[in-house]
Amino acid sequence: MIKIHLSRIMGEKRINIAELSRMTGLHRNGITKLYNEETDGVKFDTLDKICKALDCHVQDVIEYVEDDTD
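Residues numbered from 1 in each chain as written. Predicted model: local features only at pLDDT ≥ 70, side-chain atom pairs only at ≥ 80, totals over all residues. Heavy atoms only, no water.

Per an unreviewed UniProt entry, the protein chain is named Cro/Cl family transcriptional regulator, and its organism is Paenibacillus polymyxa.

Structure representation (structure tokens):
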């Protein structure tokens, strides 16, 4: 399973969705879906913009966690 840590990173940096939207030029709805882990995919360009704006790495935002439901 893929975990998105955008909400944690934004909380640590005290940045809200509207502010990240302004910083990246990304639409608020797309950021909100990532923030709430309600997306089924993300473009590399989107990750690039988020990582630049938040001064972090891709692996800080996205993590693979093995699913125990086998």
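Picking up after the structure, the text goes on.
## With respect to the overall build of the protein chain
Put simply, the rule reads: We count a stretch as a helix when DSSP gives it H or I for four or more residues in a row; a strand needs E for two or more, and each element gets its number in order from the N terminus. As a reference, a globule follows 2.2 Å times the number of residues to the power 0.38, and the radius of gyration itself is taken over C-alpha atoms. Only protein chains enter the accessibility calculation, which uses a 1.4 Å probe. A residue is then buried if its area is under 20% of the maximum for its type, exposed if over 50%, and partly exposed in between. Between two residues, a contact is recorded if the distance between any of their heavy atoms is within 4.5 Å. Note on areas: Shrake-Rupley, 1.4 Å probe, and residue coverage restricted to the protein chains presented here. Charged residues are defined here as Lys and Arg on the positive side and Asp and Glu on the negative side; His and the ends of the chain fall outside this count. In this description, the location of a charge corresponds to atom NZ of lysine, CZ of arginine, CG of aspartate or CD of glutamate.
Of regular secondary structure, the protein chain possesses five helices and two strands. Secondary structure elements of the protein chain, listed N to C terminal, follow the sequence β-α-α-α-α-α-β. For 70 residues, the compact-globule estimate of 2.2 N^0.38 gives 11 Å, and the protein chain sits close to it at 12 Å. Overall size of the protein chain, expressed as C-alpha extent along the three principal axes, is 40 × 20 × 20 Å. Here the protein chain holds 70 residues, and 30% of them are scored as buried. Nonlocal contacts in the protein chain, meaning residues at least 24 apart in sequence, comprise 60% of its contacts between residues at least 6 apart. Looking at the protein chain as shown, the accessible area adds up to about 5,100 Å², and 47% of this sits on carbon and sulfur atoms. Here the protein chain contributes 10 positively and 14 negatively charged side chains, and the mean placements of these two sets differ by 11 Å.

## With respect to the layout of surface pockets
For clarity, the cut-off: The way it works is a 1 Å grid over only the protein atoms, where trapped points that fit a 1.4 Å probe form a cavity and open points with protein on both sides within 12 Å along at least five of seven lines form a pocket, and then any residue with an atom within 4 Å of a point lines it. Grid points are joined across faces, edges and corners, and a volume is the space filled by probe spheres set on the points. Polar here means any residue other than Ala, Val, Leu, Ile, Met, Phe, Trp, Tyr, Cys and Pro, which are nonpolar, and Asp, Glu, Lys and Arg, which are charged; Gly is therefore polar.
Put simply, the largest pocket is a space of about 160 Å³. Taken together, Leu26, His27, Gly30, Ile31, Lys33, Leu34, Thr39, Gly41, Val42, Lys43 and Thr46 make up the full set of residues lining the largest pocket. At four residues, the largest contribution of residues to the lining of the largest pocket is made by helix α3 (residues 28-35). The residue makeup of the lining of the largest pocket, split by class, is four nonpolar, five polar and two charged.

## Some points on the environment of Ser21
In this structure, Ser21 sits in helix α2 (residues 17-24). For the pair Ser21 and Ile50, spaced 29 residues apart in the sequence, the C-alpha separation amounts to 9.2 Å. For Ser21, the contacting residues outside a window of four places in its chain are Leu26, His27, Arg28 and Ile31.

## Section: the nonpolar core
Rules: Throughout, nonpolar core names a set of buried Ala, Val, Leu, Ile, Met, Phe, Trp, Tyr and Cys residues whose side chains join them through atoms within 4.5 Å.
Among the nonpolar cores identified, the biggest contains 16 residues, and Leu6, Leu20, Ile50, Leu54 and Val61 are the most heavily contacted of them. Looking at this core, the elements that each hand over two or more residues are α1 (6-13), α2, α3 and α4 (44-54). For this core, the element with the most residues is α4, which contributes four residues. Beyond its immediate stretch of four places on either side in the chain, Leu54 contacts Leu6, Ile9, Met10, Lys13, Ile15 and Leu20.

## Let's talk about the side chain of Thr46
As for its placement among the helices and strands, Thr46 is situated in helix α4. Owing to a relative accessible area of 17%, Thr46 belongs among the buried residues under this scheme.

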